[in-house]
Every structure is written in C-alpha cells, then in structure tokens.
Amino acid sequence: MKQNQPDPANESALAELHERFAPGLLRFFQRKVSGGGVSSQTYGDRADELAQRTWIEFWKALQSGSYDPTRAKHSTFLYAVASIIWLRSVREEGRNSRIGVLPDSDEWLPASQADDPSHAADLASAIEVIRRVVAGAEPTAPFGDDDRVILCAVADDCSEREIAAKLGVSPSTAHERKRAVLARIADFLRGKGIDLSQNRRAQEIPPAKNQ
Amino acid sequence: MNEQEIEQLLKMSRELEQFERDCEPRVVAGDDRTAILLNNLAVARAKSAARMRWASVAIAACLVIAVIAKMQSTPTPIVAPVTDNVAIESTHQPTTEVQVVQSLPVVPAVSVTEEVPELKTIPNVQVVVALYRTDSSPTERCPECWCVARWSADWGEGRSVNELQDHELVDDSMMHSCVIDPKHVVVIGLSGPASSMPKNDQQALDMSLCLMGLQGSASPQASVENPNCTPVGLDYCLTTWGK
C-alpha cells in the first residue's frame, strides 16, 4: 500500500527549489496580474496566491513522477506549471487574458488539458527544445543562422517588416521564410515526439471504455 | 502544431529567460562587501559626473552655434548666450550697433530664444529601487542579505519623486517584491537623467546602502540618511516600511 508520507529527501529538495525559484515565480505572477502596469496590494495578494497554487501543482507533479528531469530543467518545468496555472486562473475569472504571451490560449490549452499536470511536462519539453534550437545548441536541428534570426525575431514579437529589415529582404520574402521556418520547427518537434496539438486532440476524444 | 502555436512557444521561451533571470540571486551581503560597494559607487559617480560635464559643454556649444548662425543671418544686435562668463563677439559686420558684453553671468539668451532652433533637453526618468528582507532573508543562507528590485516608474502627470506621497512608493514596492512576505522594505524613488540612474542591481544596492548610511551596518534601524550618495542632478525620496 502506498504511503502518503512525504519523503524527507524530497521535501528538502523542494525547499531548496523553493528558495531558488520563489522570487522569480512571484515576479512572474506580479507581471501577469498587473499587466505590466498598475500596482496595488490586491494584485500583490493575487500574485502570492497564484504562486502558492503553482508550488502545490509543482509538488504534485514531482510526487506523481510526471516530471522527467532529463527532458526539461526544473526552472522550465516550474515555468510551464506557472503558465498553466495562470491560464487556468484567467479562465476561472472569465475575463480576457492579459497574458500577452498566449493571447489565444483558450484554443491552445483547453480546460481539461490545463488541469492535467502531464501537459506541463510536455509544454516544458517543447519550450526546452525550442530554446536549444534558437540558441543553436541543438546539433541535429536543421536550422541555419538566418533561420535562428527569424526565430529570435518571432520570440521577440517582431513584425514581419522588422524581420525583413533584419534579413535584408522584402516583407513578402520574410513572410514566406518565417512560415517555412515555423513549419520546420514544428516538424522537428514532432520528430522529437513532442506535439501539443496531438495532446489536445487526445484530450478532446474520450478514451474508449474497457469492457 | 500550427504556426501560431509555435510562435507562442517561441515567445514563451523568451518569457522563460526573463523568469530565470528573475530567479538569479541578486542578493548581496551588506557587511562584507562594503569596500566593493564603495568602490563601485565611486566609479559610478565619477562616470556620471563626467557625462554631466560633457552634456553641459555640448549644450553650451549648441547655444553658441545657434546664436552665431542667427547673427550671421540677421544684422540685429544680439547678446550672445554664454556660459563660463565668456562673452562672444560677432565676427559679422552689422549695419547697426553691436552690443558687446563682457563677463556675463550665465543667463539664457532672452532676445533670441524665439529664433533659436529648439534644443533637446535631457528628459528625466523615474526609477524606483527597493530592498526587501524577511525575518531571515532573503535566504536562510544569507540572513544579512537584501533582495534588490529596480524598475522604471510612471506616476502620471509627469510627476517627479518630489511630488509623491510616501505611501505611493510603498504601494509600488509591494508589487515588485522579490521575496515572499517581506518584513522590512526600504524604497528609494529616483528622478533625474537616465544616464545618472543605477544601471544594474549592484549599483542600485550601492546607492541605496549609501543613502541609508549602511556601509558599515546591515541594520536599517541604525541608518542615518546620507544625501551625498546620488549623482548630481538626481532627486530622491527614501521611505521604509516594516511589520
């Protein structure tokens, strides 16, 4: 029978992680709840609450073994959990997301999936791979310097006109090249077994009941 | 995954970098790094003073050029705007009398201000630096450390730090706390040229500790405010909050 007693070693590790990441996590939520603008004590309390919820989910994920440290760093996984908590909170409040980073988040992360901690692991893996690709640290990735310039520009929310200026090409050429690079990176992620859309579809189709 | 999803992932990767930067320890012991802090502060102040000198020279040069240009284009008597008590005489031979003034005080050229092209002034910016502590914080390993946060502020209607009420700074600091449940907060609002502002957390900490008179002590209660710690031209307002 599985004991519900926490492992002291794990608790110690979590305490260390908490000490290391708590300030960043709090700032993450402070930026989110304030939309980068007005500040107030209410916002501060909200950020605190979301940070606490994130730690609980993070702890659960560690306990359940859904987090694989070989696929993503602790910081990446915690960030993924925090992003999902934020999306869930936005959805719960029934207001428009001010997340900025994920404006179309409802389509991307349906409620059922946002409640699934394993999705945080997939999200973290995807972000981890993308970071390595952008940094040129993924030796098997078929991306050249210009491709990485495009990826960096997209990450920085640059317009296609700005990308065109960076590459010294016309905006229409920049548009085509951007589309091609994004398609290739999606293929590359699929090749690594990462496809968040597939997770979404799997969530949308109820599994057949065992007879 | 479609294009939009990949784009979102790319943006998240950038946001993750910010998250990791926020997680980096930005805490510095107040006691054992005093020498480094003082040295850094001295260097920062020297650089700032040099920049201010160059800016003054550049503005004076612009004024002189503008006035000379004006004198050459219209033969009206003009008193040149000068700095450093030096009078400038026009080399142009005017048709009317030229008034030459020596040892002028530093005054604006009232008679030509309407004609002189608009000069760029150095815009003031508002920055807040806050130091946070919990009971044993920011980390258990370093109970004498502060967690430093620094951000640009906009208090609306172009207000400078001198026009703020104390609670506004404290309210703002609650939004940017880098520790959970701070027990003691020191907030410093700064208004002035961007070039004079602390460029990084270390400089911000240096300035803050200097302002609090804390080079030799980590206790904010024992502090005596020292106004000679900010670069020239920088206004500041220091307030503290504690449970």
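Given the structure is predicted, the values throughout are model-derived calculations rather than measurements. (Residues numbered from 1 in each chain as written. Chains lettered and ligands numbered in written order. Predicted model: local features only at pLDDT ≥ 70, side-chain atom pairs only at ≥ 80, totals over all residues.)

Draft legend 1. Up close: the overall build of chain A. When helices and strands are tallied, chain A shows 10 helices and zero strands. When the 211 residues of chain A are sorted by exposure, 37% land in the buried category. Across chain A, every contact between residues at least 6 apart in sequence was considered, and the portion connecting residues at least 24 apart equals 60%. (Helix = DSSP H or I, 4+ residues; strand = E, 2+ residues; numbered from the N terminus. Buried ≥ 20, exposed ≤ 12 C-beta atoms within 10 Å, placed from the backbone. Contact = placed C-beta atoms within 7 Å.)

Draft legend 2. Seen up close, the overall build of chain B. Broken down by element type, chain B carries four helices and five strands. Shown N-terminal to C-terminal, the secondary structure of chain B runs as helices and strands in the order α-β-α-β-β-α-β-α-β. When the 243 residues of chain B are sorted by exposure, 34% land in the buried category.

Draft legend 3. Quick peek at the pairing of strand 4 (residues 184-193) of chain B. All names here are of chain B. Buried residues dominate strand 4, accounting for eight of its 10 residues. In terms of strand pairing, strand 2 (residues 124-133) meets strand 4 through 10 bridges, oriented antiparallel. For Tyr132, the partnering residue across the bridge sits in strand 4 and is Val185. Sheet topology places strand 4 next to strand 5 (residues 235-242); eight bridges connect them, and they run antiparallel. (Pairing = 2+ DSSP bridges.)

Draft legend 4. The arrangement of unusual backbone geometry in detail. All names here are of chain A. The backbone phi angle of Asp157 is positive, close to 65 degrees, even though this residue is not glycine. Within the fold, Asp157 resides in the loop between helix 7 (145-155) and helix 8 (160-167). Residue classification places Asp157 among the partly exposed positions, given that 13 C-beta atoms sit within 10 Å.

Draft legend 5. Summary view of the interface of chain B and chain A. Each partner contributes to the interface: chain B provides 30 residues, whereas chain A provides 43 residues. When contributions to the side of chain B that touches chain A are tallied by element, the ones reaching two or more residues are helix 1 (3-23) and helix 3 (166-175) of chain B. The element best represented in the side of chain B that touches chain A is helix 1 of chain B, accounting for 18 residues. Classifying every residue of the side of chain B that touches chain A by side-chain character gives 14 nonpolar, six polar and 10 charged. (Nonpolar A, V, L, I, M, F, W, Y, C, P; charged D, E, K, R; others polar.)

Draft legend 6. Structural detail: helix 3 (residues 74-93) of chain A. The end-to-end C-alpha separation of helix 3 of chain A is 28 Å, in line with the 28 Å expected for 20 residues at 1.5 Å each. Counting buried positions along helix 3 of chain A yields 14 of 20 residues, so the element is predominantly enclosed. (Expected span 1.5 Å × (residues − 1).)

Draft legend 7. Here's a closer look at the packing of helix 8 of chain A against helix 9 (residues 171-191) of chain A. All names here are of chain A. Viewed as axis vectors pointing N to C, helix 8 and helix 9 meet at an angle of 95 degrees, and their least axial separation amounts to 8 Å. When the interaxial angle is binned, helix 8 and helix 9 end up roughly perpendicular. Contacts from Glu160, Arg161, Ile163, Ala164 and Leu167 of helix 8 reach helix 9 at Pro171, Thr173, Ala174, His175 and Lys178. Of the residues contributing to the contact of helix 8 with helix 9, the split by class is five nonpolar, two polar and three charged. (Axes fitted to C-alpha atoms, helices over the stretch in contact; angles between N-to-C directions. Parallel < 35°, antiparallel > 145°, perpendicular 65-115°, else oblique.)

Draft legend 8. Local environment of the environment of Leu131 of chain B. All names here are of chain B. Along the chain, Leu131 falls in strand 2. In this structure Leu131 comes out as buried when scored by C-beta crowding, with 29 C-beta atoms within 10 Å. Sequence separation of Leu131 and Leu205 is 74 residues, and the distance between their C-alpha atoms is 7.7 Å. When neighbours within four sequence positions are excluded, Leu131 is seen to be in contact with Trp146, Val148, Val186 and Ser208.

Draft legend 9. Up close: the confidence of the model for chain A. Residues and elements named next belong to chain A. The predicted model of chain A has a mean per-residue pLDDT of 77, with 73% of residues at 70 or higher. Predicted confidence is poor over residues 96-107, with pLDDT under 50, and the contacts of this stretch with residues over four places away or in other chains come to 19 contacts. Of the regions scoring below 50 in pLDDT, residues 201-211 engages in three contacts with residues more than four places distant in sequence or in other chains. (pLDDT = per-residue confidence, 0-100.)

Draft legend 10. Structural detail: the environment of Arg177 of chain A. Residue and element names in this part refer to chain A. Inspection of the secondary structure puts Arg177 in helix 9. On the neighbour-count criterion, Arg177 (19 C-beta atoms within 10 Å) is partly exposed. Taking the C-alpha atoms as reference, Arg177 lies 8.1 Å from Asp147; in sequence the two are 30 residues apart.

Draft legend 11. Quick look at helix 9 of chain A. All names here are of chain A. Between its first and last C-alpha atoms helix 9 spans 30 Å; for 21 residues at 1.5 Å apiece the expected length is 30 Å, and the two agree. Residues of helix 9 that are buried include every one of Ala174, Lys178, Val181, Leu182, Ile185 and Leu189, and no others. What you see down the axis of helix 9 is that its buried residues fit within an arc of 100 degrees, all on one side. Pointing more than 90 degrees away from the buried face of helix 9 are the exposed residues Ser172, Ala180, Asp187 and Gly191. Directly after helix 9, the chain includes Gly193, whose backbone phi takes a positive value near 80 degrees. (Arc of directions from axis to C-beta.)

Draft legend 12. Geometry of the packing of helix 7 of chain A against helix 9 of chain A. Residue and element names in this part refer to chain A. Interaxial distance between helix 7 and helix 9 falls to 10 Å at its minimum, and their mutual angle equals 90 degrees. In terms of orientation, helix 7 lies roughly perpendicular with respect to helix 9. In this structure, helix 7 uses Asp147, Ile150, Leu151 and Val154 to contact helix 9, whose residues at the interface are Arg177, Lys178 and Val181. Tallied by class, residues from the contact of helix 7 with helix 9 come to four nonpolar, no polar and three charged.

Draft legend 13. Representation of the confidence of the model for chain B within the structure. All names here are of chain B. Taken as a whole, chain B shows an average pLDDT of 69; of its residues, 62% reach a score of 70 or greater. At the level of individual helices and strands, chain B shows its lowest average pLDDT in strand 1 (residues 27-29), which scores 46, and its highest in helix 1, which scores 87. Segment residues 28-35 is flagged for pLDDT under 50; beyond a separation of four residues in sequence, or across chains, it makes 17 contacts in the model. Note on residues 76-119: pLDDT is under 50 here. Beyond four places in sequence and across chains, it has 56 contacts. Here the predicted complex scores 0.52 on pTM and 0.81 on ipTM.

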